[in-house]
Amino acid sequence: MSSSPSRHHASPSRFALRPLVLAATLAFGAVTAMSATAQTAPAYVASDGTLLSVSAQSEVKRVPDIAVISTGVVTQAADANSAMRANAEQMAKVVAAIKAAGIADRDIQTSGVNLNPQYRYAENQPPVITGYQASNTVNLTVRDIAKLGKILDALVATGANQINGPTFDIDDKVKAVAYDEARRGAVEKAQGRAEMYAKTLGLKVRRIVSISEGGGFQPPVPMMAMRMEKAGAAADTSISPGESALSVNLDVVFELGK
């Protein structure tokens, strides 16, 4: 059985072209890899300059406009059900007072509900449960600090027997503007120091090589006082928010040269 010669013998030119095509493909891949490496590799530029690292700190102060307090109710009863029921009834009055004071729902957050047995201990005797204590605590964000004292008094008057705080803060928009002011102050301090070093050394500040930032918020220490206007009168709680300090720390590297 005979077959066509073209099926047994490929053209010599076809075999000759295959190595050339493979070599071209490998060469193209190598060029592509080298190009990618060249693009991602960091560039190091030789310089005759002197590097100067300067740390600068700037601080601005603002009066807090937000206060966070924790308040709640603690009740005790002979059995767990009675303790929880009494707590719920008293806490409902406290929450009503909170909303009546103008605190929005988004600024009221339950932070803990607890029920714990109370024990009596005696020597050489196992502990005996004498009753149960229930507690319910909420965190409040007060956005009008001028009303904070009256809000605290209203809470106590309606049954709150647990209050902690306040913790003062600054509104995010005000805080952002204040931090930018502190940043500008820190940059100016760093530049001034760099100019001083350069002048002392007979050099000039060429450029800023890098800037690294760190910051901090220092809340004020709250001052609370119970003041009686006259005998028998309800207590008026006085709150002093003070000032909050916002600081920015910069580490700036300058290049000095002739």
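Because the structure is predicted, anything quoted here is derived from the model rather than measured.

### Examining the overall build of the protein chain
Here's step 1: Within the protein chain, the secondary structure is distributed over 5 helices and 9 strands.
Here's step 2: Seen in sequence order, the protein chain has helices and strands lined up from the N terminus as α-α-β-β-α-β-β-α-β-α-β-β-β-β.
Here's step 3: In the protein chain, buried positions account for 28% of the 258 residues.
Here's step 4: When the accessible surface of the protein chain is totalled, it reaches about 17,000 Å², and 56% of it is carbon and sulfur.

### Concerning the sheet that holds strand β2 (residues 66-77)
Here's step 1: Taken in spatial order, the 4 strands of this open sheet run β3-β4-β2-β5, and their pairing is antiparallel. Of all the strands in the sheet, the pair left with one neighbour each is β3 (108-120) and β5 (162-169). For this sheet the average axis-to-axis angle between neighbouring strands, irrespective of direction, equals 15°.
Here's step 2: Examined bridge by bridge, β2 and β5 share 6 bridges and lie antiparallel to one another. Bridge pairing in β5 links isoleucine 66 to aspartate 169.
Here's step 3: This element, helix α4 (residues 148-157), spans β2, β4 (128-142) and β5 of the sheet and lies at about 10° to β2.

### Focus on the environment of isoleucine 211
Here's step 1: Looking at the element boundaries, isoleucine 211 is found in strand β6 (residues 204-218).
Here's step 2: Considered as a pair, isoleucine 211 and aspartate 251 are 40 residues apart in the sequence and their alpha carbons are 5.7 Å apart.
Here's step 3: Other than its neighbours up to four places away in sequence, isoleucine 211 contacts Leu250, Asp251 and Val252.

### Observations regarding the pattern of salt bridges
Here's step 1: For the structure on display, the rule yields 11 salt bridges.
Here's step 2: Between arginine 62 and glutamate 181 there is a salt bridge, with the nearest N and O atoms lying 2.7 Å from each other. Of this pair, arginine 62 sits in strand β1 (residues 50-62) while glutamate 181 is found in helix α5 (residues 172-200), placing the two residues 119 residues apart along the sequence.
Here's step 3: A salt bridge links aspartate 180 to arginine 183; the shortest N-O distance between them is 2.7 Å. Separated by 3 residues within a single helix, aspartate 180 and arginine 183 lie in helix α5, roughly one turn from each other.
Here's step 4: Overall, the relative accessible area of 37% leaves aspartate 180 in the partly exposed class.
Here's step 5: Through salt bridges with shared partners, a single network forms among Asp48, Arg206, Arg207 and Glu255.

### Side note on the packing of aromatic side chains
Here's step 1: Using the criterion set out here, one finds 1 aromatic pair in the structure.
Here's step 2: Geometrically, the ring pair formed by tyrosine 119 and tyrosine 121 is tilted, given 6.1 Å between the ring centres and 40° between the ring planes.
Here's step 3: On the accessibility criterion, tyrosine 121 (62% relative accessible area) is exposed.

### Side note on α4
Here's step 1: For α4, every residue scored as buried is listed here: Leu148, Gly149, Ile151, Leu152, Asp153 and Leu155.
Here's step 2: Residue glycine 159 follows α4 closely and has a positive phi angle near 120°.

### Here's the deal with the confidence of the model for the protein chain
Here's step 1: With 73% of its residues at a pLDDT of 70 or more, the protein chain shows a mean pLDDT of 81.
Here's step 2: Confidence drops under a pLDDT of 50 for residues 1-46, and excluding neighbours within four residues, the segment shows 2 contacts in the predicted structure.
Here's step 3: Predicted confidence for residues 221-233 stays below pLDDT 50, and this span has 24 contacts to residues more than four positions away or in other chains.

### Points about unusual backbone geometry
Here's step 1: In this structure, proline 166 follows glycine 165 across a cis peptide bond, with omega equal to 0°.
Here's step 2: Along the chain, the position of proline 166 falls in strand β5.
Here's step 3: The backbone of asparagine 124 shows a phi angle near 60°, a positive value even though the residue is not glycine.
Here's step 4: Within the secondary structure, asparagine 124 sits in the loop between β3 and β4.
Here's step 5: The class of asparagine 124 is exposed, set by a relative accessible area of 72%.

Basis of the calculations
- Residues numbered from 1 in each chain as written.
- Predicted model: local features only at pLDDT ≥ 70, side-chain atom pairs only at ≥ 80, totals over all residues.
- Heavy atoms only, no water.
- Helix = DSSP H or I, 4+ residues; strand = E, 2+ residues; numbered from the N terminus.
- Buried < 20%, exposed > 50% of the residue type's maximum accessible area, 1.4 Å probe, protein only.
- Areas by Shrake-Rupley, 256 points an atom, 1.4 Å probe, with all protein chains shown as cover.
- Pairing = 2+ DSSP bridges.
- Axes fitted to C-alpha atoms, helices over the stretch in contact; angles between N-to-C directions.
- Contact = heavy atoms within 4.5 Å.
- Salt bridge = Lys/Arg side-chain N within 4 Å of Asp/Glu carboxyl O.
- Phe/Tyr/Trp six-rings, centres within 6.5 Å; stacked < 30°, edge-to-face > 60°.
- pLDDT = per-residue confidence, 0-100.

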